[in-house]
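Fold and contact review
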Amino acid sequence: MNEQGAPAPLILVVDDNPLNVEPLCDLLSAMGYRVDKALNGPDALKVARERPPDLVLLDIMMPGMNGFEVCSELRRDPATAHIPVVFVTALSETEDKLRAI
(Lines give C-alpha, C1' and ligand atoms only; values in the text may rest on other atoms or scores of the structure.)
Protein backbone atom coordinates (compact mmCIF):
# COMPACT_ATOMS: atom_id res chain seq x y z
CA MET A 1 0.00 0.00 0.00
CA ASN A 2 1.15 3.50 -0.69
CA GLU A 3 0.83 6.49 1.61
CA GLN A 4 -2.77 7.08 0.51
CA GLY A 5 -3.74 3.47 1.36
CA ALA A 6 -4.00 2.31 -2.25
CA PRO A 7 -2.22 -0.86 -3.31
CA ALA A 8 1.20 -0.35 -4.87
CA PRO A 9 1.28 -0.58 -8.67
CA LEU A 10 1.52 -4.11 -10.04
CA ILE A 11 4.25 -4.80 -12.60
CA LEU A 12 4.36 -7.95 -14.73
CA VAL A 13 7.93 -8.97 -15.66
CA VAL A 14 8.15 -11.30 -18.67
CA ASP A 15 11.40 -12.95 -19.75
CA ASP A 16 12.32 -16.53 -20.60
CA ASN A 17 15.57 -16.26 -18.63
CA PRO A 18 15.10 -16.54 -14.84
CA LEU A 19 18.54 -14.94 -14.40
CA ASN A 20 17.00 -11.76 -15.83
CA VAL A 21 13.63 -12.05 -14.10
CA GLU A 22 14.67 -12.65 -10.50
CA PRO A 23 16.99 -9.64 -9.98
CA LEU A 24 14.51 -7.30 -11.68
CA CYS A 25 11.63 -8.63 -9.56
CA ASP A 26 13.74 -8.28 -6.42
CA LEU A 27 14.64 -4.69 -7.30
CA LEU A 28 11.05 -3.71 -8.09
CA SER A 29 9.79 -5.34 -4.88
CA ALA A 30 12.45 -3.49 -2.86
CA MET A 31 11.19 -0.26 -4.47
CA GLY A 32 7.68 -0.99 -3.18
CA TYR A 33 6.02 -2.37 -6.30
CA ARG A 34 3.95 -5.52 -6.39
CA VAL A 35 5.41 -7.93 -8.94
CA ASP A 36 4.13 -10.83 -11.01
CA LYS A 37 6.35 -12.77 -13.37
CA ALA A 38 6.05 -15.03 -16.37
CA LEU A 39 8.74 -17.01 -18.16
CA ASN A 40 7.01 -17.25 -21.55
CA GLY A 41 4.42 -15.55 -23.73
CA PRO A 42 1.40 -17.78 -23.06
CA ASP A 43 1.94 -17.55 -19.29
CA ALA A 44 2.28 -13.76 -19.56
CA LEU A 45 -1.07 -13.52 -21.32
CA LYS A 46 -2.70 -15.76 -18.71
CA VAL A 47 -1.30 -13.75 -15.80
CA ALA A 48 -2.24 -10.42 -17.41
CA ARG A 49 -5.82 -11.58 -17.97
CA GLU A 50 -6.23 -13.06 -14.47
CA ARG A 51 -4.61 -10.17 -12.60
CA PRO A 52 -4.21 -7.15 -14.91
CA PRO A 53 -0.96 -5.32 -14.15
CA ASP A 54 -0.40 -1.59 -14.24
CA LEU A 55 2.68 -2.12 -16.44
CA VAL A 56 4.30 -4.97 -18.37
CA LEU A 57 8.09 -5.21 -18.73
CA LEU A 58 8.43 -7.52 -21.72
CA ASP A 59 11.41 -9.25 -23.27
CA ILE A 60 11.27 -9.44 -27.07
CA MET A 61 13.44 -12.48 -27.72
CA MET A 62 11.59 -15.48 -26.28
CA PRO A 63 11.12 -18.92 -27.81
CA GLY A 64 7.70 -19.96 -29.03
CA MET A 65 5.90 -16.65 -28.64
CA ASN A 66 8.09 -13.55 -28.81
CA GLY A 67 7.43 -10.24 -27.11
CA PHE A 68 5.97 -8.62 -30.23
CA GLU A 69 3.38 -11.42 -30.41
CA VAL A 70 2.58 -11.09 -26.71
CA CYS A 71 2.11 -7.34 -27.08
CA SER A 72 -0.16 -7.84 -30.12
CA GLU A 73 -2.32 -10.29 -28.17
CA LEU A 74 -2.54 -7.88 -25.23
CA ARG A 75 -3.67 -5.11 -27.59
CA ARG A 76 -6.35 -7.33 -29.20
CA ASP A 77 -8.03 -8.11 -25.88
CA PRO A 78 -10.20 -5.23 -24.60
CA ALA A 79 -9.43 -6.30 -21.00
CA THR A 80 -5.66 -5.80 -21.49
CA ALA A 81 -5.45 -3.34 -24.40
CA HIS A 82 -4.90 -0.35 -22.09
CA ILE A 83 -1.93 -1.83 -20.19
CA PRO A 84 1.35 -0.01 -20.94
CA VAL A 85 4.13 -2.24 -22.25
CA VAL A 86 7.85 -1.48 -22.04
CA PHE A 87 10.08 -3.73 -24.11
CA VAL A 88 13.24 -4.88 -22.36
CA THR A 89 15.75 -6.22 -24.88
CA ALA A 90 19.31 -6.43 -26.03
CA LEU A 91 18.23 -5.91 -29.64
CA SER A 92 19.89 -2.87 -31.11
CA GLU A 93 18.81 -2.81 -34.76
CA THR A 94 16.79 0.22 -35.83
CA GLU A 95 14.18 -2.06 -37.41
CA ASP A 96 13.59 -3.82 -34.08
CA LYS A 97 13.28 -0.51 -32.23
CA LEU A 98 10.76 0.81 -34.79
CA ARG A 99 8.73 -2.40 -34.59
CA ALA A 100 8.60 -2.09 -30.79
CA ILE A 101 7.29 1.46 -31.05
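Refer to the structure above for everything that follows.
For clarity, every value in this text was computed on a predicted model and none was experimentally measured.

Calculation rules
- Residues numbered from 1 in each chain as written.
- Predicted model: local features only at pLDDT ≥ 70, side-chain atom pairs only at ≥ 80, totals over all residues.
- Heavy atoms only, no water.
- Patch = residues over 30% accessible without salt bridge, like charges linked within 9 Å, V, L, I, M, F, W, Y side chains within 5 Å.
- Areas by Shrake-Rupley, 256 points an atom, 1.4 Å probe, with all protein chains shown as cover.
- Salt bridge = Lys/Arg side-chain N within 4 Å of Asp/Glu carboxyl O.
- Helix = DSSP H or I, 4+ residues; strand = E, 2+ residues; numbered from the N terminus.
- Buried < 20%, exposed > 50% of the residue type's maximum accessible area, 1.4 Å probe, protein only.
- Pairing = 2+ DSSP bridges.
- Axes fitted to C-alpha atoms, helices over the stretch in contact; angles between N-to-C directions.

**Comments concerning a nonpolar patch on the surface**
Judged by side-chain polarity, Leu27, Met31 and Tyr33 come together as a nonpolar surface patch covering roughly 300 Å² of accessible area. Here Leu27 lies in helix α1 (residues 18-30). Judged by relative accessible area, which is 49%, Leu27 ranks as partly exposed.

**Here's the deal with the sheet that holds strand β4 (residues 85-88)**
Pairing within the open sheet is parallel, and its 4 strands lie in the order β2-β1-β3-β4. Two strands in the sheet have a free side with no partner beyond their single neighbour: β2 (34-38) and β4. Each strand axis lies, on average, 20° off the axis of its neighbour in the sheet, ignoring direction. As defined by bridge partners, strand β3 (residues 55-59) adjoins β4 across 4 bridges and the pair is classed as parallel. Across the sheet, residue Val56 finds its bridge partner in β4, namely Val85.

**A look at the pattern of salt bridges**
Throughout the structure, instances matching the rule amount to 5 salt bridges. Close ionic contact of Lys46 with Glu50 constitutes a salt bridge, the shortest N to O distance being 3.8 Å. Of this pair, Lys46 and Glu50 both sit in helix α2 (residues 41-50), separated by 4 residues, roughly a single helical turn. By relative accessible area, which is 58% here, Glu50 ends up exposed. Note that Arg76 is salt-bridged to Glu73, the shortest N-O span being 2.3 Å. With Arg76 and Glu73 both in helix α3 (residues 67-76) and 3 residues apart, the pair spans about one turn of that helix. The class for Glu73 is partly exposed, based on a relative accessible area of 26%.

Worth remembering: the numbers are spatial, not functional.
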